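Single-letter residue listing:
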Amino acid sequence: MSFTILDWVIVITYLAGSLTVGLLGKKYLGDVSHYLVAGRELGLYVGIATLAATEIGTITFMYNAELGYRFGFAAFAAAMISGVVMIFVGRTGFIISRFRQLKLMTVPEYFEVRYSRGLRLVTGILVALGGILNMGVFLKIEGEFLTIVSGIPARYLVAVMTGILLLELLYTVAGGMVSVVITDFFQYALLSIATILVTIYSVHFVGWGNIVHKVTVTMGAAGFSPIASPKFGWTFLAWQILLWLSIVTCWQTTAMRIFSTRSPEISKRVMTWTGFIFLGRGMLPMLWGIAALALFGSGVLDKGVPLPMVHGHALAPIDAMPAMLAQILGPGVRGIVVAGMLAATMSVNSSYLLGWSAVISQDVVLPLRRIMGKQQLSSRGQLVVNRVANLFVSLFLMFWGLYYTPPGAVYLYLNITGTIFLAGAFVSVVGGLYWKRAGTLGGYLAMLMGAAGAIIPFFFLHWNENVTGFAAFGLAAVGFCAGSLIGRPTSPNREGMLATGGLKELR
Amino acid sequence: MRYWEIFWTASLLVSGGAFAFITVVVIWKGGPDLRQMLRQLRKQNLQN
């Protein structure tokens with residue numbers, strides 16, 4: 001066991017504090033808009049903290065470190081694109097300003113405002129399906145990190161991860177977005193300190209010269225240039241730009257922070273500053289992965305990269321970074337880092353639980369009730385549906401997340417499952433906001449062709465991720481344009497809704 | 001290759017520096033921001 005008593009005290013204190021603070025949020029809860037978008041009262045600094053904490057988890061550290069281990073400095077291109085795209089969207093207000101003006105609570109809600117209730121339902125189903133499958137791999141990978149760094153025997157993995165999930169669930173169900181924002185703030189502080197500590201330790205222990213040398217001798221030019229790297233190239237870069245444009249605007253958990261800000265102006269500033277954090281969110285853990293390659297990369301070659309050898313055993317590349325942390329961090333520091341990683345895990349999981357269950361309740365259950373002619377639910381009734389959806393999403397995650405292992409690099413798997421709905425959603429949102437000819441038939445075709453373009457090539461034809469991702473966005477765009485030109489344009493009821501101060505009749 | 005190495009080294013320094021700087025500012029100014037959010041929520045609850 002690598003953990004000392006001091007490390008355990010730090011971690012348990014953090015967990016107890018997090019739960020207490022999270023449960024405090026319940027007393028500020030009034031109606032469903034408090035539960036889902038914190039009453040739209042997010043200021044700049046808390047907005048940055050909650051957006052960053054939502055998208056920085058142990059899973060993020062793990063897959064970015066794996067990318068660094070497998071592809072060297074060339075992987076930095078993905079981090080660079082994510083940050084620069086965010087800064088661009090923040091500076092221009094592309095999509096997010098209009099979204100915030102509409103006072104939405106979920107992304108699929110826009111599809112009813114602009115197109116039709118039926119399209120909202122279809123989008124809601126695809127968003128929930130893609131999102132939950134995407135989140136489905138988190139628990140197992142986060143559990144691997146914890147067992148390797150803390151030295152907890154692997155047989156306790158299920159119990160540990162179930163316990164953590166229950167803690168998150170408790171405060172998320174009780175206080176919704178208010179609790180999530182309060183805990184995110186403290187969790188952001190802790191995870192950032194851990195990130196900085198690990199970076200300093202990695203470079204100090206392994207040495208910058210050794211890191212650069214190892215990439216040079218192992219990968220050559222492909223370890224530095226994303227163009228020369230056989231896994232990346234121009235198609236990868238183009239797909240990543242499209243993907244990140246869609247993630248920062250249409251990904252439910254990111255969009256919920258934008259919907260929660262006090263004004264469209266604050267939403268733009270939150271996005272811009274978080275863009276700078278996103279540069280480090282990608283590059284710093286990638287650097288840890290490269291450091292782990294320099295430290296342990298002496299095994300047999302796997303896809304051109306030596307497997308990590310730790311105490312005579314070959315590990316998977318994704319496990320090299322936690323194995324390095326277990327070796328280089330001393331007592332106390334290891335406790336702080338694990339508490340920081342737990343903070344990262346809990347902030348992501350609680351936000352994702354809330355995000356996907358919000359889509360199930362607001363965009364699947366509620367529209368279905370209206371289509372079936374049932375009476376509209378009160379705000380209290382909607383809260384109950386949201387909480388029940390939260391429970392079901394958690395149950396699914398426990399069973400799927402702990403037993404399913406994704407094939408290949410986790411980052412690319414997550415990108416493809418996200419593309420299933422992001423391709424169609426992004427094209428339909430851009431078309432709906434900026435093209436008068438946009439129509440409901442185009443929206444349906446974009447969602448269906450985007451999903452087919454991601455699922456069929458990747459899972460059945462086994463094309464590589466870059467071409468698959470590019471094909472999904474291309475097919476969604478073709479479907480949207482063709483459907484909109486063939487069908488009738490749909491008049492947006494957005495202006496009327498803006499004039500009445502939001503979507504009151506939907507709540 | 002040498003240019004890429006210089007470019008990524010510079011990018012890493014800027015990213016790491018920005019990450020640390022924004023973290024300090026957000027921790028410093030986030031407390032009052034959070035308290036204001038909770039005050040506003042309480043006010044909304046009283047109005048309803």
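## Quick look at the overall build of chain B
Alright, step 1. Of the regular secondary structure elements, chain B holds one helix and zero strands.
Alright, step 2. Taking the principal axes of its C-alpha atoms as reference, chain B extends roughly 65 × 20 × 5 Å.
Alright, step 3. Of all 48 residues assigned to chain B, the portion counted as buried reaches 38%.
Alright, step 4. With an accessible surface of roughly 3,200 Å², chain B has 66% of that area assigned to carbon and sulfur atoms.

## With respect to the overall build of chain A
Alright, step 1. Each helix and strand counted, chain A has 21 helices and three strands in total.
Alright, step 2. Relative to its length of 507 residues, chain A is compact, with a C-alpha radius of gyration of 22 Å against a globular reference of 23 Å.
Alright, step 3. Projected onto its principal axes, the C-alpha coordinates of chain A cover approximately 65 × 50 × 40 Å.
Alright, step 4. Element-wise, carbon and sulfur atoms account for 70% of the exposed surface of chain A, whose accessible area totals about 16,800 Å².
Alright, step 5. On chain A, the mean spot of the 33 positive side-chain charges and the mean spot of the 18 negative ones are 8 Å from each other.

## Quick look at the packing of helix α3 (residues 44-55) of chain A against helix α13 (residues 252-260) of chain A
Residue and element names in this part refer to chain A.
Alright, step 1. Closest axis-to-axis distance for the α3/α13 pair is 10 Å, and the angle between their directions is 175°. Taken together, α3 and α13 sit at an angle that is classed as roughly antiparallel. In this structure, α3 uses T50, L51, T54 and E55 to contact α13, whose residues at the interface are T253, T254 and R257.
Alright, step 2. The residue makeup of the contact of α3 with α13, split by class, is one nonpolar, four polar and two charged.

## Focus: the environment of Y444 of chain A
Residue and element names in this part refer to chain A.
Alright, step 1. Looking at the secondary structure, you find Y444 in helix α19 (residues 440-460).
Alright, step 2. Counting along the chain gives 322 residues from Y444 to V122, while the straight-line C-alpha distance between them is 8.0 Å.
Alright, step 3. Setting aside residues up to four positions removed in sequence, Y444 forms contacts with S116, G118, L119 and V122.

## Some details on the pattern of salt bridges
Residue and element names in this part refer to chain A.
Alright, step 1. If you walk through the whole model with that rule in mind, you get nine salt bridges over all chains.
Alright, step 2. Among the ionic pairs, R70 bridges to E66, the shortest N-O distance being 3.2 Å. Taken together, the positions of R70 and E66, both in helix α4 (residues 58-71) and four residues apart, correspond to about one turn of that helix.
Alright, step 3. Taking the relative accessible area as the measure of exposure, E66 reaches 3% and is therefore buried.
Alright, step 4. Its salt-bridge partner being R117, residue E112 comes within 3.0 Å of it at the nearest N-O pair.
Alright, step 5. For R117, a relative accessible area of 32% gives the class partly exposed.
Alright, step 6. Through salt bridges that share partners, E112, R117, R120, D363 and R370 make up one connected network.

## Examining the pairing of strand β1 (residues 297-302) of chain A
Alright, step 1. Here three bridges tie β1 of chain A to strand β2 (residues 305-310) of chain A, and the two strands are oriented antiparallel to one another. By the bridge assignment, G297 of chain A is partnered in β2 of chain A with P308 of chain A.

## A short note on the interface of chain B and chain A
Alright, step 1. Taken together, the 32 residues of chain B in the interface contact 50 residues of chain A.
Alright, step 2. Broken down residue by residue, the surface that chain B buries against chain A is led by W8, L12 and F19 of chain B, which jointly contribute 21%.
Alright, step 3. Our count for the chain B to chain A interface comes out at one salt bridge.
Alright, step 4. For D33 of chain B, the salt bridge identified is with R262 of chain A, shortest N-O distance 3.7 Å.
Alright, step 5. Between the two partners, chain B and chain A, sit twelve residue pairs in polar contact (both at pLDDT 80 or more).

Rules and cut-offs
Residues numbered from 1 in each chain as written. Chains lettered and ligands numbered in written order. Predicted model: local features only at pLDDT ≥ 70, side-chain atom pairs only at ≥ 80, totals over all residues. Heavy atoms only, no water. Helix = DSSP H or I, 4+ residues; strand = E, 2+ residues; numbered from the N terminus. Buried < 20%, exposed > 50% of the residue type's maximum accessible area, 1.4 Å probe, protein only. Areas by Shrake-Rupley, 256 points an atom, 1.4 Å probe, with all protein chains shown as cover. Rg over C-alpha atoms; globule rule 2.2 N^0.38 Å. Lys, Arg positive; Asp, Glu negative; His and termini not counted. Charge placed at Lys NZ, Arg CZ, Asp CG, Glu CD. Axes fitted to C-alpha atoms, helices over the stretch in contact; angles between N-to-C directions. Parallel < 35°, antiparallel > 145°, perpendicular 65-115°, else oblique. Contact = heavy atoms within 4.5 Å. Nonpolar A, V, L, I, M, F, W, Y, C, P; charged D, E, K, R; others polar. Salt bridge = Lys/Arg side-chain N within 4 Å of Asp/Glu carboxyl O. Pairing = 2+ DSSP bridges. Buried area = accessible area lost by both parts, 1.4 Å probe. Polar contact = N/O pair within 3.5 Å; in protein donor to acceptor, adjacent residues only side chain to side chain.

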